[in-house]
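If you want the building blocks of each chain, they are given just below.
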Amino acid sequence: MTAPHRFRSTPARVGAWLWLAFAALNLADIVLRGRDLTSAATAAVLLLGCGIAYVVGLRPVIVADERGVTVRNPLRDTRMPWPAIKKIEPTTAVTITFADAGGAERTIRAWALQTSPRAQAKAERAARRAESGGDPRQVMLPAVMRDGGAASGTGGGSRVPPNAAGRTPTMFVAQQLNDMRTRHRGGQAAERAAEGSVGWAWPAVASVAVPAAASVVLVLAAWLS
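Anyway, here's the lowdown on the structure attached to this text. (Residues numbered from 1 in each chain as written. Predicted model: local features only at pLDDT ≥ 70, side-chain atom pairs only at ≥ 80, totals over all residues. Heavy atoms only, no water.)

The subject of this paragraph is the packing of aromatic side chains. For any two aromatic rings, the description comes down to two numbers: the centre-to-centre distance and the angle of the planes. Here the structure, examined in full by the defined rule, presents 2 aromatic pairs. A ring pair is formed by W19 and F22, whose centres lie 5.2 Å apart and whose planes are at 45°; its orientation type is tilted. A residue pair is termed a helical-turn pair when its members lie 3 or 4 positions apart in one helix, as W19 and F22 do in helix α1 (residues 10–33) at 3 residues. Look at W19 and you get partly exposed, because its relative accessible area is 30%. Consider the rings of W200 and W202, whose centres lie 6.1 Å apart with planes at 35°: the pair is tilted. Directly above the aromatic system of W200 lies the positively charged group of R76, at a separation of 4.6 Å from the ring centroid. (Phe/Tyr/Trp six-rings, centres within 6.5 Å; stacked < 30°, edge-to-face > 60°. Helix = DSSP H or I, 4+ residues; strand = E, 2+ residues; numbered from the N terminus. Buried < 20%, exposed > 50% of the residue type's maximum accessible area, 1.4 Å probe, protein only. Lys NZ or Arg CZ within 6 Å of the ring centre and 35° of its normal.)

Right under this line is the structure:
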């Protein structure tokens, strides 16, 4: 069994880690010097920011293996076997259409990678120019972090340049996923039997809900005191 491939946004992860470092320094200062409700309220707000940084910057990922695709969005997880997937498209995000438990088709958008509508339109024009033999005028966009093997099949994580032939990060990842789907989708019988599932990621919900509730209570208490 080969290692799963994970596709993430590098800028989002860097931003999240920068916030966590900032919050850690401030929380250490509060522990050392804070002794009132205002300090407690500030600590709760910092922890809320950490929860948001986690669910928005660190948690989103697209994981693809031999069995299917898992999309981790900020608060929900979607698991889709390859035979259940009907379509994978690159828009301003990677969108996947799949059959759910009831046989109905559902479409999800992966938060892990985002492209602005302007960049998407520009990349599509560049791709059309490349197909017609013209200059693709490659679009420079943030890198995608792909773990589990480079494009050549070597092991370990690697930066994958999404700007090749004018592609956006969502175009690059959608192509990778479609290639894997072609290899692993199975026959028509497997497609009829396969179904995807969507569920809440309760630890992620708690990482935001708990400090949010504490922030409201402590800010009100500090204001009223």
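For the coordinates displayed, the defined rule picks out 3 salt bridges. Between R59 and D77 there is a salt bridge, with its nearest N and O atoms 2.2 Å apart. One end of the pair, R59, is in the loop between α2 (37–58) and β2 (61–64); the other, D77, is in strand β4 (residues 76–81), with 18 residues separating them in the sequence. Exposure remark for D77: the relative accessible area of 27% places this residue in the partly exposed category. Among the salt bridges present, the one from R79 reaches D65, with a minimum N-O distance of 3.3 Å. With a gap of 14 residues between them, R79 in strand β4 and D65 in the loop between β2 and β3 (68–72) connect regions that are remote in the sequence. For R79, a relative accessible area of 24% corresponds to the partly exposed category. (Salt bridge = Lys/Arg side-chain N within 4 Å of Asp/Glu carboxyl O.)

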